[in-house]
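Structural overview for review
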Protein chains: 2
Amino acid sequence: MAERGAAQSSASSGESLLFLTDEQLRRGIEAMFFAYRGFTADPDRILENHAYGRAHHRAIHFINRSPGTTVNNLLAILGVTKQSLNRVLRTLVEDGLVESRVGTRDKRERHLYLTDQGISLERELSEAQRTRMRAAYRAAGPDAVAGFRTVLEQMMDPELRHHYFSNTEGGA
Amino acid sequence: MAERGAAQSSASSGESLLFLTDEQLRRGIEAMFFAYRGFTADPDRILENHAYGRAHHRAIHFINRSPGTTVNNLLAILGVTKQSLNRVLRTLVEDGLVESRVGTRDKRERHLYLTDQGISLERELSEAQRTRMRAAYRAAGPDAVAGFRTVLEQMMDPELRHHYFSNTEGGA
DNA sequence: CTTGGAAAGTCAACAAGGCTGACATAAAGT
DNA sequence: ACTTTATGTCAGCCTTGTTGACTTTCCAAG
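Below is a short write-up of the structure. (Residues numbered from 1 in each chain as written. Chains lettered and ligands numbered in written order. Predicted model: local features only at pLDDT ≥ 70, side-chain atom pairs only at ≥ 80, totals over all residues. Heavy atoms only, no water.)

1. Brief notes about the packing of aromatic side chains
Applicable threshold: Each Phe, Tyr or Trp ring (for Trp, its six-membered ring) is paired with any other whose centre lies within 6.5 Å, and the angle between the two planes then decides the class: stacked below 30 degrees, edge-to-face above 60, tilted in between. Helix numbers and strand numbers start at the N terminus; a helix is a DSSP run of H or I with at least 4 residues, a strand a run of E with at least 2. We count a charge as sitting over a ring when the NZ of a lysine or the CZ of an arginine lies within 6 Å of the ring centre and within 35 degrees of the ring normal.
Enumeration according to the criterion identifies 17 aromatic pairs over all chains in this entry. Here A:Phe62 and B:Phe34 contribute two aromatic rings whose centre-to-centre distance is 5.9 Å and whose plane-to-plane angle is 55°, an arrangement assigned as tilted. Of this pair, A:Phe62 sits in helix H3 (residues 54–65) while B:Phe34 sits in helix H2 (residues 22–49), which puts the two residues in different chains. When the ring centre of A:Tyr113 is taken as origin, the NZ or CZ atom of A:Arg101, which lies over that ring, is 3.8 Å away.

Structural data, given as structure tokens:
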């Protein structure tokens, strides 16, 4: 309430701060809701044909991003229980989309890799998602894209943010 | 592949188009993933204490946004089956958070309203969500926020987009 | 006035994907 | 030798989505 008052009385440090009204925030909240629906719609349609779900997509995405990643690593990124992740990984390994290799330095660890078949599905999924993203980026323009990314980064949990930034540089 | 090539060879119409590379798109995809996690984290924590889930939150949000909305309207916005929505609405009505009034013009329709108790929970949930949003907006600045909203609007399904824009003007 | 169809509600059954708890195994670390 | 870590697995539970079948209510067109 105190904050709301501060946001709605326009100039406090020289800026207008009108973009911080409750109404503007509500618009942002709904934008996130509807946009996320669009964001997942295309992959979801593809996954149906393969008898997989969003959980499989997430695993495939992050294994593709970081080939050789361990199960524990994936658990930290996805924020689910090992039982939940294991169910997904088991089907992906059984179906020959993911290969699980015992670690060389530490033999307790399993390093995960996409097989050719896994890479093929990953490409199908990510190209559908990129196509929509590309259209949105193109329509919005580079400045809007920069702002989009900035706000999303600020919205992440600080503890989770490093999973996002960890892949800024690094391999491939 | 043809598109990827076009995006990566820099200048085509005068702009750089570097923001359309596959790598930039992948970053955007992951930003959406991690940010959405943050976006839902605070309400999820609150909902646990009330034995409700994200589905209840969504219903409460949109009933609060458009008091008196019908079940069919809500179905179109949320994109779930009536059986799924009904289960959620039933518990909310039973618990006294939502009131379902038979329509006056068309008595088949049910018009949905939040009770005082419902308004109270809505406020608790949305204030948690707005607090995070406000912090992100403030840190990013007004230009970034404008870009954020522009990209999200472009990412929505065209058929769903009007649900987002329908509440631009109108009541309250 | 009758009838077709829309709106809403309900029951049953099922699946995906979360969760907890308990337990097993192998390997690494102390 | 003992403890901790990494992984896997079994069993059972919950939420939230699905389909299909069926009923009641009621508007509106014939």
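2. Focus: the pairing of strand E3 (residues 110–114) of chain B
All names here are of chain B. To be explicit about the condition: Two strands form a pair only when DSSP identifies at least two bridges running between them.
Taken together, the two bridges between strand E1 (residues 69–70) and E3 define a ladder with antiparallel strand orientation. Following the sheet pairing, Thr 70 is matched in E3 by His 111. Bridge count between strand E2 (residues 98–102) and E3: five bridges; the pairing is antiparallel. Bridging across to E3, Glu 99 finds its partner in Tyr 113.

3. Comments concerning the interface of chain B and chain A
It is common to report an interface's size as the accessible area lost on association of the parts. The following threshold applies: Whether two residues are in contact is decided by their heavy atoms: any pair within 4.5 Å suffices. By convention, the term buried area covers the 1.4 Å-probe accessible surface removed from two parts as they join, with the contributions of both added. Here, a salt bridge means any Lys or Arg side-chain nitrogen found within 4 Å of an Asp or Glu carboxyl oxygen. What qualifies as a polar contact is a pair of N or O atoms within 3.5 Å, subject to a donor-acceptor requirement within protein and to the restriction that residues adjacent in sequence count only when both atoms come from side chains.
In this assembly, 58 residues from chain B lie in contact with 58 residues from chain A. Across the chain B to chain A interface the summed buried area is about 6600 Å²; carbon plus sulfur atoms make up 69%. Here A:Asp157 makes a salt bridge to B:Arg132, at a shortest N to O gap of 2.7 Å. For the interface between chain B and chain A, the tally reads 16 residue pairs in polar contact (both at pLDDT 80 or more).

4. Digging into the protein's contact with DNA strand D
Let me state the cut-off plainly: We call a residue near a molecule or strand whenever a single non-hydrogen atom of that residue lies within 4 Å of it.
Among the 25 residues in the neighbourhood of DNA strand D, the closest are listed as A:Lys82, B:Gly53, B:Arg58, B:Thr81 and B:Arg87. Of all atoms in DNA strand D that approach within 4 Å of the protein, 59% are sugar or phosphate atoms. In the environment of DNA strand D, a phosphate oxygen lies 3.3 Å from a nitrogen or oxygen atom belonging to the backbone of A:Val71. A:Arg90 has a polar side-chain atom sitting 3.5 Å from a phosphate oxygen of DNA strand D. Mapped by element, the contributors of at least two residues to the surface near DNA strand D are helix H4 (71–78) and helix H5 (82–94) of chain A together with helix H3 (54–65) and helix H5 (82–94) of chain B.

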